[in-house]
Amino acid sequence: MSFSATVICVLCVSVISAVKDHDFERSPVTNPEHHISPIQEDGNWLDTYGYSAFEGQFPYHAEVLIKPISLSYVHTCAGSLITLKYVLTTAACLYRWVNEFGIEYSFVTLGTLFNGDTQWEQRINFTDDGIYIHPLYRCPSYELYNIATIRLDCPATLNRFVQPIRLPRLTDIRTCEMMEGTATGDSFVRGLKYLRNQVMSNEDCQRNILPGVVITVQHLCTNSFIGGVFCFREYGSSLTVEDENGRFLIGIADHVFWCSSKYPTRHVRVSYFLDWIQTNSDYILEL
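These remarks concern the structure in this document.

What counts and what doesn't
- Residues numbered from 1 in each chain as written.
- Predicted model: local features only at pLDDT ≥ 70, side-chain atom pairs only at ≥ 80, totals over all residues.
- Heavy atoms only, no water.
- Helix = DSSP H or I, 4+ residues; strand = E, 2+ residues; numbered from the N terminus.
- Buried < 20%, exposed > 50% of the residue type's maximum accessible area, 1.4 Å probe, protein only.
- Areas by Shrake-Rupley, 256 points an atom, 1.4 Å probe, with all protein chains shown as cover.
- Contact = heavy atoms within 4.5 Å.
- Phe/Tyr/Trp six-rings, centres within 6.5 Å; stacked < 30°, edge-to-face > 60°.
- Disulfide = S-S within 2.5 Å.
- Pairing = 2+ DSSP bridges.
- Axes fitted to C-alpha atoms, helices over the stretch in contact; angles between N-to-C directions.
- Core = buried A, V, L, I, M, F, W, Y, C linked by side-chain atoms within 4.5 Å.

## Here we look at the overall build of the chain
Inference 1: The number of helices and strands found in the chain is four helices and 17 strands.
Inference 2: A total of 287 residues make up the chain; the buried ones form 57% of that total.
Inference 3: For the chain, the accessible surface area stands at approximately 12300 Å², while carbon and sulfur atoms represent 53% of it.

See the structure below:
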């Protein structure tokens, strides 16, 4: 398995060969493309670093790394592998770097980082030609149509540690309210973390979220009081639930608060954008 991953790195990510593993400065969390609200509370009994994932537990998790032209740091966010060649993420993860700075190089990392072990890691390049941002997304409002796909330069090699995630069916009208959602977090250095929160109704979310944050049919939220506040949550990271057919993707984190707060976390509702995702990827939706 590790040999296959090495072949991918050589063929598709040769531009990264000069970059040591994680040996670069990440973009600071105060960057304007991040949907984060600086809540200034001294402590919060709900905050948690989450649980450490075991190897292969979330094989669809993707780290997205972009080196902007003329900037010294590498911007990072997250996404979900939905097919061999496509990653689903937020528009805000990509928009500013494509439209304002330009991209010097970019790649995704697949295969969960487990306790610093990179033996299952696959790094695959992508270019700005492979980025598809919803045409109605507007920066810097961030509130609506915050979705994008990334086409990888070559397909991922599937194994126990790298697998695409299932999307909702076209005929699935469930809101997933009251279901237990599992959110993946930052896998950059400490190893992949995750947390489970209850999915709440949009009405309850609007009543309890920071005033001025918009909750529409394009969104869904998770309840910080049922599960905790995830300090390692990452923009663009997945929110999944399970049914009789297994795990599937329902949300993409797009408005995150400091873990000193108790506000809900807002996600892009994947089911709202199924037609757009199918048009801008090679994902085949099920009825």
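## A closer look at the environment of Phe225
Inference 1: Mapped onto the secondary structure, Phe225 falls in the loop between β13 (219-223) and β14 (229-230).
Inference 2: If near-sequence neighbours (up to four positions away) are discounted, Phe225 is found in contact with Leu46 and Lys262.

## Topic: the packing of aromatic side chains
Inference 1: Evaluation of the coordinates by the stated rule reveals ten aromatic pairs.
Inference 2: Considering the side-chain rings of Tyr51 and Tyr194, the 5.4 Å spacing of their centres and the 40° angle between planes classify their relative orientation as tilted. With Tyr51 in strand β3 (residues 51-52) and Tyr194 in strand β12 (residues 193-200), this pair connects stretches of sequence that are 143 residues apart.
Inference 3: Taking 6.2 Å as the distance between ring centres and 75° as the angle between the ring planes, the aromatic pair formed by Tyr145 and Phe273 counts as edge-to-face. Of the two residues, Tyr145 sits in the loop between β9 (131-133) and β10 (148-151) while Phe273 sits in the loop between β17 (265-269) and α4 (274-279), which places them 128 residues apart along the sequence.

## Here we look at the state of the cysteines
Disulfide: a covalent bond formed between the sulfur atoms of two cysteine residues.
Inference 1: All chains considered together, the criterion is met by two disulfides.
Inference 2: The disulfide partner of Cys205 is Cys221, and the gap between their sulfur atoms is 2.1 Å. On the sign convention where negative is left-handed, the bridge of Cys205 and Cys221, at about -70° about the S-S bond, is left-handed. Pair noted here: Cys205 is in helix α3 (residues 202-208) and Cys221 is in strand β13, with a separation of 16 residues, a long-range link.

## What to know about the sheet that holds β10
Inference 1: Strand order across the open sheet formed by seven strands is β8-β7-β4-β5-β6-β10-β9, with antiparallel pairing between neighbours. Of all strands in the sheet, those with a lone pairing partner are β8 (122-125) and β9, marking the two edges. Here the strands of the sheet are splayed against their neighbours by 30° on average, with no regard to which way each runs.
Inference 2: Across seven bridges, the pairing between strand β4 (residues 61-68) and strand β7 (residues 103-110) is antiparallel. Residue Glu63 lies in a different strand from β7, and its bridge partner there is Thr109.

## Some remarks on the nonpolar core
Inference 1: Counting residues in each nonpolar core, the largest one holds 27 residues, and the members touching the most others are Val64, Leu94 and Leu110.
Inference 2: Contributions of two or more residues to this core are made by β4, β5 (75-81), β7 and β10.
Inference 3: Every residue in contact with Val64, bar those within four places of it in the chain, is listed here: His75, Thr76, Cys77, Ala78, Gly79, Cys93, Leu94, Phe107, Val108, Phe126 and Ile150.
Inference 4: Counting residues in hydrophobic clusters, the runner-up holds 21 residues, among them Tyr194, Leu249, Ile252 and Val268.

## What to know about the side chain of Thr109
Inference 1: With respect to the helices and strands, the residue Thr109 is situated in strand β7.
Inference 2: Leave out the neighbours within four places in its chain, and Thr109 touches His61, Ala62, Glu63, Leu65, Glu121, Gln122 and Arg123.

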